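# Per-entry structural report
Below are the chains, spelled out letter by letter.
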Amino acid sequence: MSGGPEIDREEGESKGRYRLVLDGHEAELTYSRLGAAAIIIDHTGVPDALRGRGAGQALVARAVEDARTEGRSIVPLCPFAKAQISRHPEWQDVLQRRS
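## With respect to the environment of Glu 11
Structurally, the position occupied by Glu 11 is in strand E1 (residues 7-11). Judged by its relative accessible area of 35%, Glu 11 falls in the partly exposed class. Once residues lying within four places of it in the same chain are set aside, the contact partners of Glu 11 are Gly 16, Tyr 31, Arg 33 and Arg 72. In this structure the side chain of Glu 11 is engaged in a polar contact, spanning 3.1 Å, whose partner is the side chain of Arg 9. Side-chain polar atoms of Glu 11 contact the side chain of Tyr 31, separated by 2.6 Å.

## Things to note about the sheet that holds strand E5 (residues 73-76)
What the five strands build is an open sheet, ordered E1-E2-E3-E4-E5; its pairing is mixed. Strands at the two margins of the open sheet, each flanked by one partner only, are E1 and E5. On average, each strand axis in the sheet is tilted by 25° relative to the strand beside it, whichever way the strands run. This element, helix H1 (residues 55-70), spans E1, strand E2 (15-22), strand E3 (25-34), strand E4 (38-45) and E5 of the sheet and lies at about 140° to E2.

## Things to note about the layout of surface pockets
Space inside the second largest pocket adds up to approximately 160 Å³. Thr 44, Gly 45, Val 46, Leu 50, Arg 51, Gly 52, Arg 53, Gly 54, Ala 55, Gly 56, Gln 57 and Phe 80 together form the lining of the second largest pocket. The set of elements that each furnish at least two residues to the lining of the second largest pocket consists of E4 and H1. In terms of residue count, the dominant contributor to the lining of the second largest pocket is H1 (three residues). Along the lines of polarity and charge, the residues of the lining of the second largest pocket split into four nonpolar, six polar and two charged.

## A look at the environment of Arg 72
By the secondary structure assignment, Arg 72 is in the loop between H1 and E5. Counting along the chain gives 22 residues from Arg 72 to Val 94, while the straight-line C-alpha distance between them is 7.1 Å. With residues up to four places along the chain from it excluded, the contact list for Arg 72 reads Arg 9, Glu 11, Tyr 31, Arg 33, Ala 36, Ala 37, Ala 38, Ile 39, Ala 67 and Val 94.

Criteria and cut-off values
- Residues numbered from 1 in each chain as written.
- Predicted model: local features only at pLDDT ≥ 70, side-chain atom pairs only at ≥ 80, totals over all residues.
- Heavy atoms only, no water.
- Helix = DSSP H or I, 4+ residues; strand = E, 2+ residues; numbered from the N terminus.
- Buried < 20%, exposed > 50% of the residue type's maximum accessible area, 1.4 Å probe, protein only.
- Contact = heavy atoms within 4.5 Å.
- Polar contact = N/O pair within 3.5 Å; in protein donor to acceptor, adjacent residues only side chain to side chain.
- Pairing = 2+ DSSP bridges.
- Axes fitted to C-alpha atoms, helices over the stretch in contact; angles between N-to-C directions.
- 1 Å grid on protein atoms, 1.4 Å probe; cavity = no way out; pocket = protein on both sides within 12 Å on 5 of 7 lines; lining within 4 Å.
- Points joined across faces, edges and corners; volume = space filled by probe spheres on them.
- Nonpolar A, V, L, I, M, F, W, Y, C, P; charged D, E, K, R; others polar.

In C-alpha coordinates:
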(Lines give C-alpha, C1' and ligand atoms only; values in the text may rest on other atoms or scores of the structure.)
Protein backbone atom coordinates (compact mmCIF):
# COMPACT_ATOMS: atom_id res chain seq x y z
CA MET A 1 0.00 0.00 0.00
CA SER A 2 2.83 2.40 -0.76
CA GLY A 3 1.48 5.82 -1.53
CA GLY A 4 -1.54 4.53 0.34
CA PRO A 5 -5.19 4.55 -0.51
CA GLU A 6 -7.32 7.55 0.30
CA ILE A 7 -8.66 7.62 3.84
CA ASP A 8 -11.86 9.55 4.55
CA ARG A 9 -12.62 11.04 7.94
CA GLU A 10 -16.01 11.77 9.44
CA GLU A 11 -16.26 13.54 12.79
CA GLY A 12 -19.30 14.52 14.81
CA GLU A 13 -19.52 16.25 18.15
CA SER A 14 -18.61 13.18 20.19
CA LYS A 15 -17.55 10.42 17.78
CA GLY A 16 -15.65 9.98 14.56
CA ARG A 17 -14.28 7.44 12.16
CA TYR A 18 -11.69 6.92 9.49
CA ARG A 19 -12.71 4.88 6.46
CA LEU A 20 -10.54 3.28 3.81
CA VAL A 21 -12.02 1.55 0.75
CA LEU A 22 -9.79 -0.72 -1.31
CA ASP A 23 -10.94 -3.07 -4.06
CA GLY A 24 -14.55 -2.54 -2.95
CA HIS A 25 -13.87 -3.51 0.69
CA GLU A 26 -14.15 -1.07 3.60
CA ALA A 27 -11.89 -0.91 6.65
CA GLU A 28 -12.59 1.51 9.48
CA LEU A 29 -11.21 2.91 12.70
CA THR A 30 -13.69 4.48 15.12
CA TYR A 31 -13.06 6.83 18.00
CA SER A 32 -14.77 8.91 20.64
CA ARG A 33 -13.73 12.42 21.51
CA LEU A 34 -12.49 12.96 25.04
CA GLY A 35 -13.04 16.70 25.27
CA ALA A 36 -11.14 18.86 22.82
CA ALA A 37 -7.72 17.50 23.71
CA ALA A 38 -7.93 13.72 23.17
CA ILE A 39 -9.56 10.87 21.30
CA ILE A 40 -10.20 7.30 22.39
CA ILE A 41 -9.63 4.80 19.57
CA ASP A 42 -12.18 2.11 20.35
CA HIS A 43 -12.33 -0.10 17.26
CA THR A 44 -10.40 -0.99 14.12
CA GLY A 45 -12.21 -3.25 11.68
CA VAL A 46 -10.52 -4.75 8.64
CA PRO A 47 -12.37 -7.29 6.47
CA ASP A 48 -10.63 -10.55 5.62
CA ALA A 49 -10.14 -9.40 2.02
CA LEU A 50 -7.88 -6.58 3.22
CA ARG A 51 -5.96 -8.39 5.95
CA GLY A 52 -2.21 -8.37 5.49
CA ARG A 53 -2.37 -5.38 3.15
CA GLY A 54 -1.62 -2.66 5.70
CA ALA A 55 -5.13 -1.21 5.84
CA GLY A 56 -5.36 -1.21 9.63
CA GLN A 57 -1.89 0.25 10.03
CA ALA A 58 -2.72 2.99 7.51
CA LEU A 59 -5.82 3.92 9.52
CA VAL A 60 -3.87 4.13 12.79
CA ALA A 61 -1.11 6.14 11.09
CA ARG A 62 -3.67 8.66 9.82
CA ALA A 63 -5.22 8.98 13.30
CA VAL A 64 -1.74 9.61 14.75
CA GLU A 65 -0.96 12.19 12.05
CA ASP A 66 -4.23 14.03 12.64
CA ALA A 67 -3.79 13.94 16.42
CA ARG A 68 -0.37 15.60 16.04
CA THR A 69 -1.70 18.23 13.65
CA GLU A 70 -4.65 19.02 15.92
CA GLY A 71 -2.72 18.92 19.19
CA ARG A 72 -4.73 15.96 20.50
CA SER A 73 -3.57 12.93 22.39
CA ILE A 74 -4.74 9.35 21.83
CA VAL A 75 -6.04 6.75 24.27
CA PRO A 76 -5.83 3.44 22.33
CA LEU A 77 -8.46 1.15 23.88
CA CYS A 78 -8.65 -0.90 20.68
CA PRO A 79 -6.12 -3.77 21.01
CA PHE A 80 -5.02 -3.43 17.37
CA ALA A 81 -4.39 0.32 17.61
CA LYS A 82 -2.61 -0.14 20.94
CA ALA A 83 -0.33 -2.81 19.42
CA GLN A 84 0.42 -0.68 16.35
CA ILE A 85 1.33 2.36 18.42
CA SER A 86 3.53 0.25 20.71
CA ARG A 87 5.37 -1.12 17.63
CA HIS A 88 6.05 2.38 16.32
CA PRO A 89 8.08 4.42 18.84
CA GLU A 90 7.79 7.43 16.52
CA TRP A 91 4.00 7.46 17.13
CA GLN A 92 4.14 7.32 20.91
CA ASP A 93 4.39 11.09 21.35
CA VAL A 94 0.61 11.27 20.86
CA LEU A 95 -0.26 8.84 23.65
CA GLN A 96 -2.17 10.44 26.49
CA ARG A 97 0.06 10.51 29.53
CA ARG A 98 -1.37 9.49 32.86
CA SER A 99 -1.19 12.09 35.61
